[in-house]
Amino acid sequence: SATLLRDVNDSEQDAEAMANLLTPLRDRHGVRVCVDLIQYNTVELPQFAHLQKTTHARRDRFQAAIRRAGLVCFVRNPRGDDANAACGQLVTL
């Protein structure tokens, strides 16, 4: 699974780097690889203010790049954000 953060790890180059890391696992070692893309959910704390969720367009380009490498890639549907309990929101202070 990968949580995509805007301008941190959501570029097509980032996707290609991930694919380059994962493809040998599949090709040389027979590992079944599936990438799950997870939406980051904003946390209303100052120390996390610089982290933002990626756009749908960037996420879709990321997914397409992973798939072009021949890897399975899904986008997870966000859940729990209405209760501040989604990915990125469970924070211990």
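So, here is what we can say about the structure in this document. All values derive from a computational prediction rather than experimental measurement. (Residues numbered from 1 in each chain as written. Predicted model: local features only at pLDDT ≥ 70, side-chain atom pairs only at ≥ 80, totals over all residues. Heavy atoms only, no water.)

What about helix 1 (residues 12-29)?
Helical geometry note: an α-helix holds 3.6 residues per turn, so side chains three or four residues apart project in the same direction. The end-to-end C-alpha separation of helix 1 is 25 Å, in line with the 26 Å expected for 18 residues at 1.5 Å each. When the local axis directions of helix 1 are compared, the greatest deviation, roughly 30°, occurs at L22, which is followed within four positions by the proline P24. Here helix 1 has its buried residues at A15, A19, L22 and T23. Its buried side turned inward, helix 1 meets strand 2 (34-39) and helix 2 (56-68). At the exit of helix 1 stands G30, carrying a positive phi of roughly 70°. (Helix = DSSP H or I, 4+ residues; strand = E, 2+ residues; numbered from the N terminus. Expected span 1.5 Å × (residues − 1). Bend = angle between axes of the 7 residues up to and from the residue. Buried < 20%, exposed > 50% of the residue type's maximum accessible area, 1.4 Å probe, protein only. Contact = heavy atoms within 4.5 Å.)

Digging into unusual backbone geometry
In terms of backbone geometry, most residues other than glycine have negative phi values and most peptide bonds are trans. Here D7, not a glycine, exhibits a phi torsion of approximately 60°, which is positive. Note that D7 resides in the loop between strand 1 (2-4) and helix 1.

Some remarks on the side chain of D10
Looking at the secondary structure, you find D10 in the loop between strand 1 and helix 1. Residue classification places D10 among the buried residues on the basis of a relative accessible area of 2%. Beyond its immediate chain neighbours, meaning those up to four positions away, D10 contacts L4, L5, T54, R58 and F62.

Regarding the environment of M18
With respect to the helices, strands and loops of the structure, M18 is situated in helix 1. Expressed as a C-alpha distance, the spacing of M18 and A69, which sit 51 residues apart in the sequence, is 9.9 Å.

Notes on the pattern of salt bridges
Under the definition given, this model contains 7 salt bridges. With a shortest N-O distance of 2.7 Å, R26 and D27 are connected by a salt bridge. Under the relative-accessibility criterion, R26 is labelled partly exposed at 27%. R76 is paired through a salt bridge with D36; the nearest N and O atoms lie 3.5 Å apart. In this pair, R76 is assigned in the segment after strand 3 (72-75) and D36 in strand 2, connecting sequence segments 40 residues apart. For R76, a relative accessible area of 39% puts it in the partly exposed group. One network of salt bridges, in which partners are shared, links D7, D10 and R58. (Salt bridge = Lys/Arg side-chain N within 4 Å of Asp/Glu carboxyl O.)

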